[in-house]
Amino acid sequence: MNDARVLQLSQAIQRYFDGEKGEMLAILAGSLAMLILAAGLFIHFRDGFARGFGLAVLAGVLLFSSAATSLLLRDRALQAVLLEELRSGATEGVAARESDRIGVVISKYPAYRYASVVLGAIALAAAAWISRGWVMGSAVGVLLIAAAQLTIDHYSEARARAYLQQVWHGSSAAQS
């Protein structure tokens, strides 16, 4: 098997999963920061805004951190399997499966963006028409979560597209 191909694919896999790990750790740190902010507001003000904000942030943090934790665990195992398969000579099988897997991952980003924008629009509409403190706090919390999701997905999608190009490039180089 082409040693250059194995090295190129191994490096691409390592870079991609290192990026994923960094992103998941950033999500967990950001989640903690949002919780601290929500707790600070609640401790200081104890009003409807702080309660609404706190509940929205808590829901988002639970969603983000559970996804980040499960991805950290899954990615570690997946990376180990991919690298072991490469060492055993299954280079083209790894490249084909990763191309398919990442293609599916990339295809989901428009739906994530759409969901974030819809939730943000609902939050803005609620804040515009209902001037209760808990609604305003919830709206701000949801907007914060939607903004975080859009930011996360921007960088995640860019990394996935770069990885897919590296896998494709290696695949076409090996077939030449």
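Owing to the predicted nature of the structure, the values given are computational and were not obtained by experimental measurement.

A. Representation of the overall build of the protein chain in the model. Scanning the protein chain from terminus to terminus reveals four helices and zero strands. Reading the secondary structure of the protein chain in the N-to-C direction produces α-α-α-α. Considering the protein chain as a whole, with its 176 residues, one finds that 36% of them fall into the buried category. Counting contacts in the protein chain only where the partners sit at least 6 residues apart, residues at least 24 apart contribute 81% of the total. Total accessible area on the protein chain stands at roughly 9,900 Å², and carbon and sulfur atoms take up 69% of it. Of the side chains in the protein chain, 15 bear a positive and 13 a negative charge, and the two mean positions are spaced by 8 Å.

B. Highlighting the nonpolar core. The biggest cluster of nonpolar side chains holds 17 residues, and the ones touching the most others in it are Leu 9, Ile 13, Leu 86, Ile 102 and Tyr 163. Here this core takes six residues from helix α1 (residues 3–45), the largest share from any one element. Residues in contact with Ile 102, not counting those within four places in the same chain, are Tyr 16, Ala 160, Tyr 163 and Leu 164. The next biggest cluster of nonpolar side chains, apart from the first, holds 12 residues, and it includes Ile 27, Ala 38, Val 61 and Leu 72.

C. Layout of unusual backbone geometry. If you check the backbone angles, Arg 46 has positive phi at about 50° while not being a glycine. Structurally, the position occupied by Arg 46 is in the loop between α1 and α2 (48–87). Among the residues examined, Arg 46 registers a relative accessible area of 52% and is labelled exposed.

D. Molecular detail of the packing of aromatic side chains. Following the criterion strictly, the structure yields four aromatic pairs and no others. Here Tyr 16 and Phe 17 contribute two aromatic rings whose centre-to-centre distance is 5.2 Å and whose plane-to-plane angle is 80°, an arrangement assigned as edge-to-face. By relative accessible area, Tyr 16 is classed as buried at 4%. Between Tyr 109 and Tyr 112 the ring centres are 5.8 Å apart and the planes differ by 90°, which places this aromatic pair in the edge-to-face class. Taken as a pair, Tyr 109 and Tyr 112 lie in helix α3 (residues 91–129) at a separation of three residues, close to a single helical turn. For Tyr 109, a relative accessible area of 4% translates into the label buried. For Tyr 112, a relative accessible area of 37% gives the class partly exposed. Aromatic rings pair up to connect Tyr 16, Phe 17 and Tyr 163 into one cluster.

E. Highlighting the pattern of salt bridges. A full pass over the atoms with the stated rule returns nine salt bridges. Across the pair Glu 23 and Arg 159 runs a salt bridge, and its minimum N-O distance is 2.4 Å. Residue Glu 23 is located in helix α1, and its partner Arg 159 is located in helix α4 (residues 133–175); the two are separated by 136 residues in the primary sequence. We classify Glu 23 as buried; its relative accessible area is 11%. When its relative accessible area of 18% is taken as the criterion, Arg 159 is described as buried. Glu 85 is the partner of Arg 97 in a salt bridge, and the nearest nitrogen-oxygen pair spans 2.0 Å. Pair noted here: Arg 97 is in helix α3 and Glu 85 is in helix α2, with a separation of 12 residues, a long-range link. Judged by its relative accessible area of 41%, Arg 97 falls in the partly exposed class. Residue class for Glu 85 comes out partly exposed when judged on its relative accessible area of 22%. Salt bridges here are not isolated pairs; linked through shared partners, they connect Glu 20, Glu 23 and Arg 159.

About the thresholds
- Residues numbered from 1 in each chain as written.
- Predicted model: local features only at pLDDT ≥ 70, side-chain atom pairs only at ≥ 80, totals over all residues.
- Heavy atoms only, no water.
- Helix = DSSP H or I, 4+ residues; strand = E, 2+ residues; numbered from the N terminus.
- Buried < 20%, exposed > 50% of the residue type's maximum accessible area, 1.4 Å probe, protein only.
- Contact = heavy atoms within 4.5 Å.
- Areas by Shrake-Rupley, 256 points an atom, 1.4 Å probe, with all protein chains shown as cover.
- Lys, Arg positive; Asp, Glu negative; His and termini not counted.
- Charge placed at Lys NZ, Arg CZ, Asp CG, Glu CD.
- Core = buried A, V, L, I, M, F, W, Y, C linked by side-chain atoms within 4.5 Å.
- Phe/Tyr/Trp six-rings, centres within 6.5 Å; stacked < 30°, edge-to-face > 60°.
- Salt bridge = Lys/Arg side-chain N within 4 Å of Asp/Glu carboxyl O.

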